[in-house]
Amino acid sequence: MNKLHIYTGDGKGKTTAAMGLALRSLGHGNRVLIAQFMKNGVSGELKALRSFAQARVMAAPPLADFTFRMSEADRQAAREEQTAFARELCQVIAEFQPQTVILDELGIALSLDMVGPDAAEALIDAALRYGEAAVTGQTVPDALLARADYISRILSEKHPYATENLPARKGVEW
């Protein structure tokens with residue numbers, strides 16, 4: 001009876017919550033796959049989680065720019081790369097059979113049409129075949145929210161970026 005977890009909202013901590021789930025699973029000796037969409041794959045959590053023998057960490061090809069600045073041709077190329085990564089993950093899941101799969105930023109990748117809905121559904125189905133799956137993203141399409149077993153909305157009430165124009169800090173925000 002595997003469940004789908006969603007961490008969404010405009011607040012800080014969605015990825016951190018999902019990585020906590022991964023860490024908890026690793027603490028019980030489970031295999032964990034962490035896949036990041038739309039990020040550069042260099043956060044402190046990923047560096048630490050890569051040190052576990054039972055963890056596999058993968059990152060989609062990085063985007064060349066923010067999606068709103070991309071030409072339609074660049075958006076299409078990025079969409080194809082992100083969707084191909086989702087399809088590749090299905091094969092990795094079938095081989096590795098992780099008890100926990102973290103699909104970091106898949107929600108926003110879907111919302112921005114960087115990953116096709118069919119590829120995302122196939123990826124989630126593959127993950128749930130072997131264990132729990134968690135999807136993060138500031139926005140998550142309604143169809144995915146309807147499918148979720150857990151939904152955690154992380155809201156921003158106060159953040160130094162907004163109040164002090166403080167950039168993301170190593171070890172805190174990444």
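Details of the structure are given in the entry above.
Attention here is on the structure that accompanies the text. Because the structure is a prediction, the values reported are computed rather than measured. (Residues numbered from 1 in each chain as written. Predicted model: local features only at pLDDT ≥ 70, side-chain atom pairs only at ≥ 80, totals over all residues. Heavy atoms only, no water.)

Thoughts on helix α1 (residues 14-27)
Basically, it comes down to this: Runs of E in the DSSP output that reach at least two residues are strands. Runs of H or I that reach at least four are helices, and both are numbered from the N terminus. What a helix is expected to span follows from its residue count: subtract one and scale by 1.5 Å. The buried label applies to any residue whose accessible area, calculated with a 1.4 Å probe on protein chains only, is under 20% of its type's maximum; exposed applies above 50%, and partly exposed to all values in between. Directions from the helix axis toward the C-beta atoms define the arc. We call two residues contacting when some pair of their heavy atoms lies within 4.5 Å.
Compared with the 20 Å implied by 1.5 Å per residue over 14 residues, the 20 Å span of α1 between its first and last C-alpha is a close match. Looking at α1, one finds that the buried residues are Lys 14, Thr 15, Ala 18, Met 19, Leu 21, Ala 22, Ser 25 and Leu 26. Buried residues in α1, looked at end-on, bunch into an arc of 150°, giving them a common side. More than 90 degrees from the buried face of α1, the exposed residues found are Arg 24 and Gly 27. On its buried face, α1 is in contact with β1 (4-8), β2 (32-36), α2 (44-49), β3 (55-59), β4 (100-104) and β5 (132-137). Just downstream of α1, Gly 29 is the residue with a positive phi angle, here 80°.

Digging into the pattern of salt bridges
As a reminder of what qualifies: Just to be clear on terms, a salt bridge is a Lys or Arg side-chain nitrogen sitting within 4 Å of an Asp or Glu carboxyl oxygen.
Considering all chains together, one arrives at 5 salt bridges under this definition. A salt bridge links Arg 79 to Glu 72; the shortest N-O distance between them is 3.9 Å. The partner of Arg 79 in a salt bridge is Asp 113, and the shortest N-O contact between them spans 3.2 Å. Here the residue Arg 79 occupies a position in helix α3 (residues 72-96), and Asp 113 occupies one in the loop between α4 (106-111) and α5 (117-130), the gap between them amounting to 34 residues. Ionic contacts of the salt-bridge type, sharing partners, join the residues Glu 72, Arg 79 and Asp 113 into one network.

Some thoughts on the nonpolar core
Basically, it comes down to this: Definition used in this section: a nonpolar core is a set of buried Ala, Val, Leu, Ile, Met, Phe, Trp, Tyr and Cys residues joined via side-chain atoms within 4.5 Å.
Among the nonpolar cores identified, the biggest contains 36 residues, and Leu 4, Phe 37, Leu 89, Leu 103 and Leu 106 are the most heavily contacted of them. At the level of secondary structure, the elements contributing two or more residues to this core comprise β1, β2, α3, β4, α4, α5, β5 and α6 (142-147). Other than its neighbours up to four places away in sequence, Leu 4 contacts Ile 124, Leu 128, Ala 133, Val 135, Leu 144, Arg 147, Ala 148, Asp 149 and Tyr 150. Of all hydrophobic cores here, the second largest spans 14 residues; its members include Ala 22, Val 32, Leu 49 and Ala 55.

Overview of the side chain of Thr 83
Its location among the elements puts Thr 83 in helix α3. By relative accessible area, Thr 83 is classed as buried at 8%. Sequence-distant contacts of Thr 83, that is, excluding residues within four places in its chain, are made with Met 114, Val 115, Gly 116 and Ala 119.

A closer look at the sheet that holds β2
Note the threshold: Only when DSSP finds a minimum of two bridges between them are two strands counted as paired. Interaxial angles span 0 to 180 degrees and are taken between N-to-C directions of axes, which are lines fitted to C-alpha atoms, for helices over the stretch in contact.
Sheet architecture is open: 6 strands sit in the order β3-β2-β4-β5-β1-β6, paired in parallel fashion. With partners counted over all chains shown, the strands left at the sheet margins are β3 and β6 (150-153), one partner each. Ignoring which end each strand starts from, the neighbouring axes of this sheet average 10° apart. The pairing of β2 with β4 spans 5 bridges and is parallel. Along β4, the bridge assignment pairs Ala 35 with Leu 103. Along the sheet, α1 makes contact with β1, β2, β3, β4 and β5, crossing β4 at roughly 165°. Its contacts with the sheet put α3 on β2, β3 and β4, and the angle it makes with β2 is roughly 175°.

Keep in mind these values describe shape, not function.
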